[in-house]
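Observations on the model geometry
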Amino acid sequence: MHKLVYIETYGCQMNEHDSERMLRLLEGFHYTETKEASQADLILINTCSVREKPEHKVYSALGRFRKLKERKGTVIGVAGCVAQQEGERLLDRVPYLDLVIGTHAIPMLAQLLERIEVSGQRVCETRFDRSGEYLKTLLPEKPLAKVKSYVTIMQGCDHFCSFCIVPYVRGRERSRPSSEILEEIRHLAEMGVKEVFLLGQNVNGYGKGLEGEVDFPSLLKRINGIEGIERIRFTTSHPADLSDGLIQDFSALEKLCEHIHLPFQSGSDRILKAMHRSYTRESYLERIGRLKEACPSIAITADVIVGFPGEEEEDFKETLDLMEKVKFDDLFSFKYSPRKGTRATQLQNQVEEKIKQDRLSILQKIQREITLERNQAVEGRVEEVLVEGLSKQSDQDVTGRTRSNKIVNFPGHVNLVGNLIPVHITKAYPHSLRGERIRANAGCEIEI
Ligand code: SAM
Ligand code: SF4
């Protein structure tokens, strides 16, 4: 029987991609996606527990769906990091919940749903899978309605930063065999994908633990050779694993976009040590220097945490100073959020909420100015834009991204989608750029 599934996703790109993987899998079992929860036979909430706020959203989402369960018996499941972390406790706490599916159990989704249907049991599956099966991804059978696609290359993390829950909810680092990754990317190219976004909690640690595998820079070289793929991006990288080979790839591989997301977390050595980050402020800055030298046009973005336990005003100033030195194109900034089971929760000198909030506001104000400055530096230049779709603001405009990952809106027709277009950047805004297509000669627009 044909059924409808509604998926609500919180958190990072890895979660977004896991939702896509679940949907692709369910499509093979007569499900179609609906954007209306009220119409769904199955509701899945794909969750994030990296900070407290997204974790709380799960419970309010479940509250919203309770009535649907009572009214029409909708099957309700929780997937992702909160599912992995809470397991059976979630079933105890939420009596109308049918399914808890952990981060390694995605390939078992259809079987678990069948168990619920046949036996009426409530099901929880949160075992870690040592075989690596959980990394397998079903290939799409028909052309995708989008020009870019995520590809998981590894999952999990061995770094155990003292604030972070990821190693506990995603498991230890595990890389996918390069042959599988390359096959998936070749297939995506045949399905019309132009840009691949390689995903993993620590992508530049790719290959660890796989006998005879290539390392991350060599994997990029192989992807660079795949016909039909025009652009390669990846996230996230750990500064400690940033090799010379990877730095060189930015200048050597024409399809590798000039952008790196390299979280620094704090500008203070004392705090970096307590965070267990395994690099210093100096070595981070030195790596940034080498990246800029190898690839002067590279855009750099990062994550930073304020209010880590023991962070003094001096430490915070060092964070601001590092930001001024690097001039990040963009920065994802967070207040430290204690996570049960991580070592930082045991540390003395937890920082007061008000101080965290004040520091975050100061930092974000400074970064807004730097981001605008970085965007203004592109004004007047011609940038290659991969057109992704119609702009949300106006159907006279299309939207896409530069190689440095900046959003550009410019007048254009929907038939430009999927093309790489040279665009003259006319105006910079805090979150995007405005431009015009280059005209070959006055009054004659280049036609695609
Ligand atoms: N692997 C990446 C790295 O090494 O930086 C980060 C992945 S983590 C899912 C994404 C970001 O969430 C981190 O870079 C960090 O800034 C933030 N984060 C993680 N745990 C946090 C916590 N307990 N409180 C606040 N922010 C946190
Ligand atoms: Fe978390 Fe990233 Fe540290 Fe791993 S490297 S523990 S994912 S912050």
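To start, this report covers the structure provided alongside it. (Residues numbered from 1 in each chain as written. Chains lettered and ligands numbered in written order. Predicted model: local features only at pLDDT ≥ 70, side-chain atom pairs only at ≥ 80, totals over all residues. Heavy atoms only, no water.)

Moving on, we come to a nonpolar patch on the surface. A cluster of nonpolar residues, Leu390, Val414 and Val417, forms a patch on the protein surface that exposes about 210 Å² of accessible area. Relative to the elements of secondary structure, valine 414 occurs in the loop between strand S17 (407-411) and strand S18 (420-428). (Patch = residues over 30% accessible without salt bridge, like charges linked within 9 Å, V, L, I, M, F, W, Y side chains within 5 Å. Areas by Shrake-Rupley, 256 points an atom, 1.4 Å probe, with all protein chains shown as cover. Salt bridge = Lys/Arg side-chain N within 4 Å of Asp/Glu carboxyl O. Helix = DSSP H or I, 4+ residues; strand = E, 2+ residues; numbered from the N terminus.)

Quantified by volume, the second largest pocket comes out at close to 810 Å³. Around the second largest pocket sit 22 residues that line it, and Glu20, Leu23, Arg24, Glu27 and Glu33 are the ones nearest its centre. Where the lining of the second largest pocket is concerned, the elements lending two or more residues are strand S1 (3-9) and helix H1 (13-27). It is H1 that provides the largest number of residues to the lining of the second largest pocket, a total of 6 residues. When grouped by side-chain class, the residues that make up the lining of the second largest pocket number 9 nonpolar, 4 polar and 9 charged. (1 Å grid on protein atoms, 1.4 Å probe; cavity = no way out; pocket = protein on both sides within 12 Å on 5 of 7 lines; lining within 4 Å. Points joined across faces, edges and corners; volume = space filled by probe spheres on them. Nonpolar A, V, L, I, M, F, W, Y, C, P; charged D, E, K, R; others polar.)

Around ligand 2 sit Cys157, His159, Phe160, Cys161, Phe163, Cys164, Val166, Pro167, His238 and Arg277, and that is every residue in its neighbourhood. Across the shell around ligand 2, the residue classes tally to 7 nonpolar, 2 polar and 1 charged. (Near = heavy atom within 4 Å.)

Let's shift gears to the environment of isoleucine 271. Looking at where isoleucine 271 falls in the secondary structure, it is placed in helix H10 (residues 269-275). Relative accessible area serves as the criterion here: at 2%, isoleucine 271 is assigned to the buried category. Discounting chain neighbours no more than four positions away, the residues touching isoleucine 271 are Ser266, Phe308, Pro309, Gly310, Glu311 and Asp315. (Buried < 20%, exposed > 50% of the residue type's maximum accessible area, 1.4 Å probe, protein only. Contact = heavy atoms within 4.5 Å.)

This brings us to the site of ligand 1. Contacts to ligand 1 come from 17 residues, most closely from Phe163, Gln201, Gln265, Asp303 and Ser337. Taking phenylalanine 163, its main chain carries an N or O atom lying 2.9 Å from a nitrogen atom of ligand 1. Aspartate 303 places a polar side-chain atom, nitrogen or oxygen, 2.6 Å from an oxygen atom of ligand 1. Considered on its own, ligand 1 offers 560 Å² of accessible surface; in the complex 91% of this is hidden by protein. Elements with a minimum of two residues in the shell around ligand 1: strand S13 (299-306) and strand S14 (330-335). Partitioned by chemical class, the residues of the shell around ligand 1 number 7 nonpolar, 5 polar and 5 charged. (Polar contact = N/O pair within 3.5 Å; in protein donor to acceptor, adjacent residues only side chain to side chain.)

This part covers the packing of aromatic side chains. The final tally for this structure, using the stated rule, is 10 aromatic pairs. Taking the centre distance of 6.0 Å and the plane angle of 45° together, the rings of phenylalanine 234 and phenylalanine 250 count as tilted. Placement of phenylalanine 234 in strand S11 (residues 231-235) and of phenylalanine 250 in helix H9 (residues 244-252) is noted, with a sequence separation of 16 residues between them. Here phenylalanine 308 and tyrosine 336 contribute two aromatic rings whose centre-to-centre distance is 5.4 Å and whose plane-to-plane angle is 70°, an arrangement assigned as edge-to-face. One end of the pair, phenylalanine 308, is in the loop between S13 and helix H12 (313-326); the other, tyrosine 336, is in the loop between S14 and helix H13 (353-376), and 28 residues separate them in sequence. Here a set of aromatic residues connected by ring pairs shows up, and it is made of Phe264, Tyr279, Tyr284 and Phe328. The ring of phenylalanine 334 has arginine 51 sitting right over it, with the charged end atom 3.8 Å from the ring centre. (Phe/Tyr/Trp six-rings, centres within 6.5 Å; stacked < 30°, edge-to-face > 60°. Lys NZ or Arg CZ within 6 Å of the ring centre and 35° of its normal.)

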